[in-house]
Amino acid sequence: MKRRIHQYAVELMFFCTAMHTIVGAALYRNEWIAMARRGLVATVHSSPANEAAFWFFVVSLFYLSIALSLRWIRSIGVRPPASLGLVLTSLAVVGLALAPSFGWPFIATAGVLVLRWAKE
């Protein structure tokens with residue numbers, strides 16, 4: 001059966017996960033190396049750069065959990081909860097207002113796609 005366009009929210013969230021991980025690793029490579037040399041334990045709050053590196057890691061895990069959840073929802077043939085679409089869309093709007101970057105429109109798009117899918 002052919003997928004409707006809004007079910008591609010799954011692939012979009014996997015894309016966001018990959019990009020967030022790659023950008024975070026590239027931008028904060030030195031911080032991760034330094035934290036690893038110190039044993040990682042209790043190293044995040046030792047500098048704002050370490051906190052940013054950790055932020056990229058945690059957000060990537062959040063995006064991955066959303067992508068995996070959506071993939072599972074699609075595999076069992078049910079609709080996702082509209083609240084998931086609202087969370088993604090709201091996150092993107094707040095993120096764009098407080099920390100403008102090129103990634104938020106992708107999250108907003110995924111949120112809108114999930115909302116459409118939820119109404120199917």
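Below: a short report on this structure. (Residues numbered from 1 in each chain as written. Predicted model: local features only at pLDDT ≥ 70, side-chain atom pairs only at ≥ 80, totals over all residues. Heavy atoms only, no water.)

**A closer look at the layout of surface pockets**
The space that makes up the largest pocket amounts to roughly 400 Å³. Surrounding the largest pocket, 16 residues form its lining, His20, Phe56, Ser101, Phe102 and Gly103 being those nearest its centre. Elements supplying a minimum of two residues to the lining of the largest pocket: helix 1 (9-27), helix 3 (48-76) and helix 5 (104-119). Considered class by class, the residues forming the lining of the largest pocket number 13 nonpolar, 3 polar and no charged. (1 Å grid on protein atoms, 1.4 Å probe; cavity = no way out; pocket = protein on both sides within 12 Å on 5 of 7 lines; lining within 4 Å. Points joined across faces, edges and corners; volume = space filled by probe spheres on them. Helix = DSSP H or I, 4+ residues; strand = E, 2+ residues; numbered from the N terminus. Nonpolar A, V, L, I, M, F, W, Y, C, P; charged D, E, K, R; others polar.)

**A word on the environment of Trp55**
Secondary-structure assignment places Trp55 in helix 3. Relative accessible area serves as the criterion here: at 48%, Trp55 is assigned to the partly exposed category. (Buried < 20%, exposed > 50% of the residue type's maximum accessible area, 1.4 Å probe, protein only.)

**Points about the nonpolar core**
If you look at soluble globular proteins, the nonpolar side chains tend to sit buried side by side. Core analysis: the biggest nonpolar cluster contains 20 residues, and Met13, Tyr63, Ile66, Leu70, Leu88, Ile107 and Val114 have the highest contact counts within it. At the level of secondary structure, the elements contributing two or more residues to this core comprise helix 1, helix 3, helix 4 (82-98) and helix 5. Every residue in contact with Leu88, bar those within four places of it in the chain, is listed here: Met13, Ile66, Ile107, Ala110, Gly111 and Val114. By size, the runner-up hydrophobic cluster in this structure holds 5 residues, among which are Met35, Val44, Ala53 and Phe56. (Core = buried A, V, L, I, M, F, W, Y, C linked by side-chain atoms within 4.5 Å. Contact = heavy atoms within 4.5 Å.)

**Side note on the pattern of salt bridges**
Evaluation of the coordinates by the stated rule reveals 2 salt bridges. Note that Glu120 is salt-bridged to Arg4, the shortest N-O span being 2.7 Å. One end of the pair, Glu120, is in the segment after helix 5; the other, Arg4, is in the segment before helix 1, with 116 residues separating them in the sequence. Judged by its relative accessible area of 41%, Glu120 is partly exposed. A salt bridge links Glu11 to Arg74, with the nearest nitrogen and oxygen atoms 3.1 Å apart. (Salt bridge = Lys/Arg side-chain N within 4 Å of Asp/Glu carboxyl O.)

**Focus on the environment of Val112**
Here Val112 is to be found in helix 5. Sequence separation between Val112 and Thr17 is 95 residues; the distance between their C-alpha atoms is 17 Å.

**Thoughts on the environment of Leu40**
Secondary-structure assignment places Leu40 in the loop between helix 2 (29-37) and helix 3. For Leu40, a relative accessible area of 45% translates into the label partly exposed. Sequence spacing of Leu40 and Leu68 is 28 residues, and the spatial spacing of their C-alpha atoms is 27 Å. The contact partners of Leu40, leaving out residues within four places of it in the chain, are Trp32 and Met35.

**Let's talk about the packing of aromatic side chains**
For the structure shown, the criterion picks out 5 aromatic pairs. Consider the rings of Trp32 and Phe57, whose centres lie 5.9 Å apart with planes at 70°: the pair is edge-to-face. Of this pair, Trp32 sits in helix 2 while Phe57 is found in helix 3, placing the two residues 25 residues apart along the sequence. Owing to a relative accessible area of 28%, Trp32 belongs among the partly exposed residues under this scheme. Of the residues examined, Phe57 reaches a relative accessible area of 43% and is grouped as partly exposed. Geometrically, the ring pair formed by Phe62 and Tyr63 is tilted, given 5.9 Å between the ring centres and 50° between the ring planes. Residue classification places Phe62 among the partly exposed residues on the basis of a relative accessible area of 31%. When its relative accessible area of 4% is taken as the criterion, Tyr63 is described as buried. An aromatic cluster is present here, built from Trp32, Phe54 and Phe57 joined pairwise through their rings. (Phe/Tyr/Trp six-rings, centres within 6.5 Å; stacked < 30°, edge-to-face > 60°.)

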